[in-house]
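# Fold and contact review
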Amino acid sequence: MDLKNEVMDILVEVCQDEVVKENPDIELFQTGLLDSFGTVELLIQIEERLGILVPISEFDRELWNTPTNISLQLADMK
């Protein structure tokens, strides 16, 4: 499975909504799909399932605001 699909699967679980797969450019924070608790869970799942450590200090809501952007950020970190 490629990185983008893995990220989408994680986001579906964390956000508890398939809409992230249907619309990969949806604003996660503005729509309320992701909040601070969800962000922590997302970062934990990324580390556990993808082996990519994302320090909370590296997490910027402006850069990590959509499923597409999250995939791009993680591809740069891999």
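The preceding data block contains the structure.
Treat the numbers as computed from the prediction; the structure is a model and nothing was measured.

Procedures and definitions
- Residue positions are given per chain, counting from 1 as you read along its sequence in written order.
- Predicted model: local features are reported for residues with pLDDT of at least 70 only, side-chain atom pairs are reported and counted for 80 or more only, and whole-chain, interface and lining totals are derived from all residues.
- The basis for every side-chain value is the complete set of heavy atoms in the structure, and neither hydrogens nor water enter the calculation.
- Secondary structure elements follow DSSP: runs of H or I of four or more residues count as helices, runs of E of two or more count as strands, with numbering from the N terminus.
- Both definitions apply: the radius of gyration is a C-alpha atom measure, and the globule rule equals 2.2 Å times residues to the power 0.38.
- We call two residues in contact when some of their heavy atoms are within 4.5 Å.
- We treat Lys and Arg as the positive residues and Asp and Glu as the negative residues; His and chain ends play no part in the count.
- In this description, the location of a charge corresponds to atom NZ of lysine, CZ of arginine, CG of aspartate or CD of glutamate.
- The buried label applies to any residue whose accessible area, calculated with a 1.4 Å probe on protein chains only, is under 20% of its type's maximum; exposed applies above 50%, and partly exposed to all values in between.
- Only the contacting stretch of a helix is used when fitting its axis, a line to C-alpha atoms as for every element, and angles between N-to-C directions run 0 to 180 degrees.
- The labels follow the angle: roughly parallel below 35 degrees, roughly antiparallel above 145, roughly perpendicular from 65 to 115, and oblique for the rest.
- Two helices that cross are described as forming a left-handed crossing if the nearer one is turned anticlockwise from the farther one by less than a right angle, and a right-handed crossing if clockwise.
- Following the grouping adopted for this structure description, the nonpolar residues are Ala, Val, Leu, Ile, Met, Phe, Trp, Tyr, Cys and Pro, the charged ones are Asp, Glu, Lys and Arg, and the polar ones are all others, Gly among them.
- When a carboxyl oxygen of Asp or Glu lies within 4 Å of a side-chain nitrogen of Lys or Arg, that pair is called a salt bridge.

## Digging into the overall build of the protein chain
A count of helices and strands for the protein chain gives 4 helices and 0 strands. Going from the N terminus to the C terminus, the protein chain shows its helices and strands as α-α-α-α. On C-alpha atoms alone, the protein chain measures out to a radius of gyration of 11 Å, which is about the 12 Å that the 2.2 N^0.38 rule sets for 78 residues. Reported as C-alpha extents along the three principal axes, the dimensions of the protein chain are approximately 30 × 25 × 20 Å. Considering only residue pairs separated by 6 or more positions, the protein chain has 55% of its internal contacts joining residues 24 or more positions apart. Where the 5 positive side-chain charges of the protein chain centre and where its 17 negative ones centre are 4 Å apart.

## What about unusual backbone geometry?
Peptide bonds are trans in most cases, and residues, glycine excluded, mostly fall at negative phi. Of note, the phi angle at glutamine 16 is positive, near 55°, even though the residue is not glycine. Inspection of the secondary structure assignment puts glutamine 16 in the loop between α1 (3–15) and α2 (19–22). Take glutamine 16: its relative accessible area is 72%, and that puts it in the exposed class.

## Here we look at the packing of α1 against helix α4 (residues 67–77)
Axes are the key here: two packed helices are described by the angle between their axes and the distance separating the axes. Between α1 and α4, the shortest axis-to-axis distance is 9 Å and the interhelical angle comes to 125°. Taken together, the axis directions place α1 and α4 in an arrangement best described as oblique. Crossing of α1 over α4 shows right-handed handedness. Residues Leu3, Lys4, Val7, Met8 and Leu11 of α1 form the contact with α4, whose own contacting residues are Pro67, Thr68, Ile70, Ser71, Leu74 and Ala75. Of the residues belonging to the contact of α1 with α4, the class tally is 8 nonpolar, 2 polar and 1 charged.

## Some thoughts on the pattern of salt bridges
Two side chains of opposite charge can pair, provided their charged atoms sit close to one another. According to the stated counting rule, one finds 2 salt bridges in the structure shown. The partner of lysine 21 in a salt bridge is aspartate 9, with the nearest N and O atoms 2.8 Å apart. One end of the pair, lysine 21, is in helix α2; the other, aspartate 9, is in helix α1, with 12 residues separating them in the sequence. With relative accessibility at 21%, the residue aspartate 9 sits in the partly exposed group. Arginine 49 serves as the salt-bridge partner of glutamate 13, at 2.9 Å between the closest nitrogen and oxygen. Of this pair, glutamate 13 sits in helix α1 while arginine 49 sits in helix α3 (residues 36–50), and the two are 36 residues apart along the sequence. Assessed through its relative accessible area of 48%, glutamate 13 is described here as partly exposed.

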